[in-house]
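One letter stands for each residue in the lines below.
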Amino acid sequence: MKTNPARLEEVALPRRAQQRASGHPPPPAMALLGCAAGALDGLRALLIAVIGCGSIGGRIAVLLARMGLGGLLLVDPKSYKPASLPTHEIDPEDVGKSKAQAVARRCKAVSPATRVAAFPGPVEALDLAAMADASAVVMAPDLLSVEIEAGQRSLWLSKPLIHASVHGPTLTVQVRLFGNAGGAGACPRCLYGRAELDLLARQARFSCEGGPAAAAPRPHEAPATNSLGAICSMAASLGVLQILRHLLGLGEPVADTMLEYCGFTHRTVISPLERNPKCPSDHTRLGQAAVSEPLAGRSLAEAVQQATGVPAPPDAQFEIAGHDWVEFAGCGCERPAPVRRFIARGRADLGQCPRCGAMRVPLQFHTYRAVSAAILGAAIGRPLRRLGVRRAVSILLRTGDAGTLIRPQPANPSSP
Ligand SMILES: [Zn+2]
Ligand SMILES: [Zn+2]
């Protein structure tokens, strides 16, 4: 089966708008209490990734663009529905459009000098290296599995993670800021109790969108959290303020805290976020190393040698972004056919079997996201290009408890 995997694409202004484009919007020319002049100028050097571009994340992205942020990376696999209208900042003609792409275009229009890239797919399918240059990660998804994935990636890459969410019926906003600085802090999964684990197992959605689905929840849906636009925009605004406070060092530190606002009382409460030692997420941080281009022209052995200065240890495991290692494929024949190369995930085109004529498909138990040096054997010394990798964005190397993200050079620090 062939699917069309989402692609990360930088957004450009339409030609006519390019002529009118005037760079960044003027920075808010205001004297912030206790700050030197130009306290907000630092935003032009920052890149922020936003996972989930709905009623909260979409607003956060636009607010950041209005302040002239350096770059935005917008991730959301979904499109607007008619039910999005009450809570999202959209017009009826936006229904049907990809959330990530529509928000990206709006951000670009607001701030032409901001580099804006959109990924209209699930965060799980986004190359980890695409997030490696971010100054911070914002998430406002409606699935616990996405929270866990964004939390895991932020831990690995030591990125501050801002999680903004609402609980509709109680008009409550929660903004959690995971500092991810020293490895001792909490991640989203550290805070999960039995209720979350239950909902996780059922893949429940916490949608802000109303409509018929919310009126009659199906068994796999969480209790409806369809919300008010006002509480979603409150969450976005509080989220942006926490981002500014953390990244620009305004006021008291906010790392590893949760800010709660309740619309019934207008009260805010700040509480610490604590690490759960039993958390199943991997709290180690990845090292990062660069090798010269083109990465696909190198063998894994060469890439490891150049990146780490030592040969790949025997327990090494490799993940090539967007690829699986396929050991065997099945067809109509009795015996599986050896493949032994990398296949781009979602584009498994192994061709027809010359004997039985059936399409070959990768066999699940012989397909690896992370492939060990032992399975690779001699292939560890062959250029990646000859192993089916046309364009390698990054290699995740794991040895023992440690991990290294290997990326091709030159890395443009402001590139989303
Ligand atoms: Zn954790
Ligand atoms: Zn066959």
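Residues numbered from 1 in each chain as written. Chains lettered and ligands numbered in written order. Predicted model: local features only at pLDDT ≥ 70, side-chain atom pairs only at ≥ 80, totals over all residues. Heavy atoms only, no water.

## Describing the coordination of the zinc ion (ligand 2)
What counts is decided by this rule: Coordinating donors are taken to be N, O and S atoms lying within 2.8 Å of the metal, or within 3.2 Å when the metal is Na, K or Ca; because water is excluded from the atom set, some sites may appear incomplete. Residue burial is assigned from relative accessible area. The probe radius is 1.4 Å, only protein chains are included, and a residue is buried under 20% of its type maximum, exposed over 50%, and partly exposed in between.
The coordination sphere of the zinc ion (ligand 2), as far as protein atoms go, consists of Cys 331 (SG), Cys 333 (SG), Cys 353 (SG) and Cys 356 (SG), spread over 2.2 to 2.4 Å. For the zinc ion (ligand 2), all donor residues lie on one chain, and their spacing in sequence is C-x1-C-x19-C-x2-C. Overall, Cys 353 belongs to the buried group, its relative accessible area being 5%. According to the relative accessible area criterion, Cys 356 is partly exposed, its value standing at 35%.

## A closer look at the coordination of the zinc ion (ligand 1)
Applicable threshold: Every geometry call rests on angle ranges, with four donors termed tetrahedral when all angles are between 85 and 135 degrees, four termed square planar and six termed octahedral when opposite donors are over 155 degrees apart and all others are between 65 and 115, and everything else termed irregular.
For the zinc ion (ligand 1), every protein donor is listed as Cys 187 (SG), Cys 190 (SG), Cys 279 (SG) and His 283 (NE2), and the spread of their distances is 2.1 to 2.3 Å. Bound by four donor atoms, the zinc ion (ligand 1) shows angles of 103 to 120° at the metal and therefore tetrahedral coordination geometry. Sequence positions of the donors to the zinc ion (ligand 1) reduce to the motif C-x2-C-x88-C-x3-H. Across the pair, exposure class does not vary: Cys 279 and His 283 are buried alike.

## What about the packing of helix H4 (residues 144-157) against helix H5 (residues 194-201)?
The cut-off we apply is this: Helix axes are fitted only over the stretch in contact, all axes being lines through C-alpha atoms; the angle between N-to-C directions runs from 0 to 180 degrees. A run of H or I in DSSP becomes a helix once it reaches four residues, and a run of E becomes a strand once it reaches two; helices and strands are each numbered from the N terminus. What sets the label is the angle itself: under 35 degrees gives roughly parallel, over 145 gives roughly antiparallel, 65 to 115 gives roughly perpendicular, and the rest give oblique. Any two residues whose heavy atoms approach within 4.5 Å at even a single point are treated as in contact. Any residue outside Ala, Val, Leu, Ile, Met, Phe, Trp, Tyr, Cys, Pro, Asp, Glu, Lys and Arg is labelled polar, Gly included; the first ten of those are nonpolar and the last four are charged.
Direction vectors running N to C along H4 and H5 enclose 105°, while the axes themselves pass 9 Å from each other. As judged from the angle between their axes, H4 and H5 are roughly perpendicular. Judged by residue contacts, Leu 144, Ser 145 and Ile 148 of H4 engage Glu 196, Leu 199 and Leu 200 from H5. In terms of residue class, the contact of H4 with H5 is made up of four nonpolar, one polar and one charged.

## A closer look at the packing of aromatic side chains
So the rule is basically this: Stacked, tilted and edge-to-face are the three classes assigned to paired rings of Phe, Tyr and Trp, where Trp is represented by its six-membered ring and a pair needs centres within 6.5 Å; plane angles under 30 degrees give stacked, over 60 edge-to-face, the rest tilted.
Per the counting criterion, the structure on display carries one aromatic pair. Relative to Phe 342, the ring of Trp 325 lies with its centre 4.9 Å away and its plane at 70°, an arrangement referred to as edge-to-face. Placement of Trp 325 in strand S12 (residues 323-330) and of Phe 342 in strand S13 (residues 337-344) is noted, with a sequence separation of 17 residues between them. Across this residue pair, the class does not change: Trp 325 and Phe 342 are buried.

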